[in-house]
Every structure is written in C-alpha cells, then in structure tokens.
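Residue-level structure breakdown
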Amino acid sequence: MKPSLPLFRRGSSVTSQLGLSDRIFSSAKDRGLAAGIDAGLEQVEASLLGEIVFTDEIANVTTRYLLNAGGKRVRPMLALLTAHLGNGNLADVVTAATAIEITHLASLYHDDVMDDADQRRGVPSAQIVWGNSVAILTGDLLFARANQLMARLGERAIRLQSDTFERLVLGQLHETVGPRADEDAVEHYIQVLADKTGSLIACAAQAGIIFSDAPDEFEQPVIQFGERIGVAFQLIDDVLDLSPQPLETGKVPGTDLRAGVATLPLLRLRERAQHDAAAAALLERLERDVMTSNSAVSEAADSAITALREHDVTAQTLSEAHGWAHEAVEALAPLPDGSVKKALTRFADTIVERSS
C-alpha cells in the first residue's frame, strides 16, 4: 500500500490539531479529556522507546530506524480516546496502544518492500538503506515484539492481535494478486483498504474499550467507526495523489499511478470507459504515458494526470470518501453524547478536510 499522506503536523499536540482543546472543547471535562489523551500519548512514546530495544546490535538499529523518524501516533490516540468511555489511561490501555503502534510500524517496513518505496517519514526507506531482506526481517522482529506485548494482556488481546494481523496480511496478498476475473474491481479495492488500513484503526479503537473496562456494547460502534474511517482515509489519499501541490502533499502528482497503483479514480474511469469514448481516450493516455513509463515525469504524463484530476471520477472519489466518513460518524450513534463522541466526530472531519 502507498505511504499515507500526513494527517497531523509535527510540532503540536494531536489533540490541539484535532481541535480538541479549542474548537470543540469548552467545558472543564472536555479540556480534561484532551489533556488526558496528550498525557497518555507521552506514556505511549516512552513505552515505544522502552520496548523497541534488542540486545542484537543490528536489530536494535534497524527496528528503531522508522521509530526515530517520527510518526503521528494516530492509532494510539484512538485507543486512548475510546478508553475514556471506560476507566481512561489504564496501564493495559497504554500497553495495547504501544503494541498496536509497533504493529503499524512493522507493517511499514513490509509495505515499503512490496511497493519498492524510496522514502518513508522523510528518510530513505529501510530497504534502500539495508536491502529487502533486512527490511522484511526487521518488520518480522517488530511484529514479534508487538505479539509479546499483547500476550501480557491475556487471551483476549492475543486473539485481537492475531485476527488483525491476519487481515493485514490478507489485505496485502489481495492487493498484490489483484481482483479475480469475476470479481468487481472496486469492491476488491475497498476490501483491501478495509483490511490494510481499517482493520488496525478498528483494532486500536476496540482495544481502548476492552482494556479500559468500558461497557461491551461500545465495542461494535467503535469497530465500525474504525473500519469506515480507514477506508475514507485512503480514498482521500487517492485524491491527494493527484494534487498539483507536491510541497503540501509531499508527493509528485500521480506518484501512485506512476508506480502502477490502480487507485479509485482510475478504477472509476475504467468503468466509465466501457460506455464513454472520452473516458476511454483518457484511460488510454494514462496507461500509455503514466502507468507504463516507470514513474518517469514527462509532459505527456503530467497532462494525463491533470486531466484525471479534473475529471468527474476524481470528484466522485472525494464524494465516496465523504460518504465513508459520514457512515463512520453514524456508527457512533449508540455511544453516549459527550466529549469522546465529539472528538471521534472531529477526527472524522479532519480526515476529509485533508482534501481541501
């Protein structure tokens, strides 16, 4: 899966960037929740530094490479947030949040090998520095360490971790193999997004409920929220991939298409091309000048990418992303009104605001 574009800026707390300290929060209880999440994130950060330590010198360097490069800690933030539907930042919540972030970190090493990515988090990707084999083995070590952490929390945590890991792998497998001849390409793509991105976000939200001893009936709403917001997140990335402002997105316009990734705008264009001559002509240009050009930047490729960005299928993709975010918020209906629900709603808004 392509690297995701930034959701939060560096140098500021996650809660302030979500508006949790000003635009939404006004009561003392609300401000206390924001402060509690930031304090929990500090605990998670310390836990990450303490847990990603190996006696083997090489392993200690490679496993900490992307950790030291930064990261927004979105998944731990969600776990800490939903935990406030229960007893808050308990030690088990911090442990689970740490394990989930290490799982995410491990997946980045593997993803960059699969995608032959040059960079991650502003530094050369691990396989550029050490080669594919070391990058893959580093990811494996991190997965192992995440599993060890979850094992401390008991059988429920082990099953949660195992089920999520299975979906991560299946998502990567299905993305690599592609849809079957009799399978709808868009449905296949959305399922890949749900497995590769939505599953771990849902796992984080669910972990906050489980390990804070929150009511069981809150689990399904936050799971559905996480699944759907993960899909929305990646669909917004599909739109931003076509952005003409690489300084803001951190990517050359059409990076994913140049790498041969069939994002939703292209899949929707292929549907249109079956009965629309103009769409068919644009599809031919993209396949000729962009997706077979070995990521080369050329006037013809740039022109085709601009045409796709301006085509209705890109607006349709943006609309679908908003739809998934809206469904994510609707899934929260069973949760009690209050600070946590407002924060989760704001999180969904922040996802789709990345496109503006």
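Right, let's walk through the structure included here. (Residues numbered from 1 in each chain as written. Predicted model: local features only at pLDDT ≥ 70, side-chain atom pairs only at ≥ 80, totals over all residues. Heavy atoms only, no water.)

**A word on the overall build of the protein**
When you go through the protein residue by residue, the secondary structure sums to 17 helices and two strands. Counting every position in the protein, which comprises 356 residues, the buried fraction comes to 53%. Sequence separation of at least 24 residues holds for 73% of the intrachain contacts in the protein that already meet a minimum separation of 6. Total accessible area on the protein stands at roughly 15,400 Å², and carbon and sulfur atoms take up 52% of it. (Helix = DSSP H or I, 4+ residues; strand = E, 2+ residues; numbered from the N terminus. Buried < 20%, exposed > 50% of the residue type's maximum accessible area, 1.4 Å probe, protein only. Contact = heavy atoms within 4.5 Å. Areas by Shrake-Rupley, 256 points an atom, 1.4 Å probe, with all protein chains shown as cover.)

**Things to note about helix α4 (residues 74–83)**
Summarising burial for α4: 10 of the 10 residues are buried, a large majority. Of the positions making up α4, those classed as buried are Val74, Arg75, Pro76, Met77, Leu78, Ala79, Leu80, Leu81, Thr82 and Ala83.

**So, unusual backbone geometry**
A positive phi angle is found at arginine 73, which is not glycine, with a value near 55°. Along the chain, arginine 73 falls in the loop between α3 (57–68) and α4. Since its relative accessible area comes to 8%, arginine 73 is described here as buried. Although it is not a glycine, aspartate 213 adopts a positive phi angle of roughly 60°. Topologically, aspartate 213 is positioned in the loop between α9 (185–210) and α10 (219–240). On the basis of relative accessibility, which here comes to 57%, the residue aspartate 213 falls in the exposed class.

**Description of helix α17 (residues 339–353)**
Here α17 contains 15 residues, and its C-alpha end-to-end distance of 21 Å stays within 8% of the 21 Å for a straight helix at 1.5 Å per residue. Most of α17 sits out of view: 11 of its 15 residues are buried. Taken together, the buried positions of α17 are occupied by Ser339, Val340, Lys341, Ala343, Leu344, Arg346, Phe347, Ala348, Thr350, Ile351 and Val352. In this fold, the buried residues of α17 make contact with α2 (28–51), α4, α10 and α16 (312–330). (Expected span 1.5 Å × (residues − 1).)

**A word on the pattern of salt bridges**
Enumeration over the complete set of coordinates arrives at 20 salt bridges. Among the salt bridges present, the one from glutamate 227 reaches arginine 167, with a minimum N-O distance of 2.3 Å. With glutamate 227 in helix α10 and arginine 167 in helix α8 (residues 155–177), the pair connects residues that are 60 residues apart, well separated along the chain. Classification of arginine 167 as partly exposed rests on a relative accessible area of 25%. Residue aspartate 182 is joined to arginine 180 by a salt bridge in which the shortest nitrogen-to-oxygen separation is 3.3 Å. On the basis of relative accessible area, arginine 180 is assigned to the exposed category, the value being 54%. Salt bridges sharing partners connect three or more residues here, namely Glu45, Arg73 and Glu101. (Salt bridge = Lys/Arg side-chain N within 4 Å of Asp/Glu carboxyl O.)

**Let's talk about the nonpolar core**
In a soluble, globular protein the nonpolar side chains are often hidden away together inside. In this structure, Phe211, Phe225 and Ile229 are the most contacted members of the largest nonpolar core, which totals 80 residues. Of the residues forming this core, the biggest block, 13 residues, is contributed by α9. One finds Leu242, Leu282, Val290 and Val313 within the second-largest nonpolar core, a separate group that totals 16 residues. (Core = buried A, V, L, I, M, F, W, Y, C linked by side-chain atoms within 4.5 Å.)

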